[in-house]
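Each chain, written out:
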Amino acid sequence: MARVRNIRAVKTVPRSVSDARGLGLGRLFMCLVIGSAIMTPSDERLARALLETRTIALVGASMKPVRPSHRVGQYLTSAGYRVIPVNPGHAGKYLFGEKIVARLSDIQDEVQLIDIFVKSENVLPHVKEAAAHLGGLRVVWMQLDIRNEAARVLAESKGLTVVEDRCTAIEHRRLLSR
């Protein structure tokens, strides 16, 4: 049997038209079938954000291997992304094969996604800076337990996709590593 995500009442991947008949058109079309997994529209949005990204600015990158930002940066690098670490306390050092920059505005290259590992109350200045200085930015991603309504509203007003309280590594592994 195919690998499946539980979406509403959909518990199996329809393998034929006759299998799909019992789902009802509404449920059937609410699902997007990619490979052998069924994805919700929000899963599809996350997968698209990750697939369309080549370069990630990792805000709050840590030099300590035990920190989540370090582990996520290593994972994303091993998954083929270019990860530019951002941390004013370590600017000039190297991490993930890249020179650490102090601020997002120090990045000269195109960045599609910023991955934020700072406290929720400190997110807004980073989103303002990213929106003003990063060409090609499409996604503002706030890690687990990080949410900021003002940052979300600002980013969405600029046409950016916003993800809150989710881990890029977990979602990449879940959605794209099959």
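Further up the page is the structure itself.
**Focus: the overall build of the protein chain**
Here is step 1: The number of helices and strands found in the protein chain is 7 helices and 9 strands.
Here is step 2: Looking at the protein chain as a whole, 44% of its 178 residues qualify as buried.
Here is step 3: Counting only contacts in the protein chain whose residues sit at least 6 apart along the sequence, the fraction spanning at least 24 positions is 59%.
Here is step 4: Surface exposure of the protein chain reaches about 9500 Å², of which carbon and sulfur atoms provide 52%.

**Quick look at the sheet that holds strand E4 (residues 82-86)**
Here is step 1: Read from one edge of the open sheet, 5 strands run E4-E3-E7-E8-E9, paired in parallel fashion. Looking at strand neighbours, the two that pair on one side only are E4 and strand E9 (161-163), the edges of this open sheet. The mean inter-strand angle of the sheet, taken between neighbouring strand axes irrespective of direction, is 20°.
Here is step 2: As defined by bridge partners, strand E8 (residues 139-142) adjoins E9 across 3 bridges and the pair is classed as parallel. Among the inter-strand pairings, Trp141 is bridged to a residue of E9, identified as Val163.
Here is step 3: Helix H5 (residues 123-133) rests against strand E3 (55-59), strand E7 (113-116) and E8 of the sheet, and its axis sits at about 165° to E7.

Rules used in this analysis
- Residues numbered from 1 in each chain as written.
- Predicted model: local features only at pLDDT ≥ 70, side-chain atom pairs only at ≥ 80, totals over all residues.
- Heavy atoms only, no water.
- Helix = DSSP H or I, 4+ residues; strand = E, 2+ residues; numbered from the N terminus.
- Buried < 20%, exposed > 50% of the residue type's maximum accessible area, 1.4 Å probe, protein only.
- Contact = heavy atoms within 4.5 Å.
- Areas by Shrake-Rupley, 256 points an atom, 1.4 Å probe, with all protein chains shown as cover.
- Pairing = 2+ DSSP bridges.
- Axes fitted to C-alpha atoms, helices over the stretch in contact; angles between N-to-C directions.

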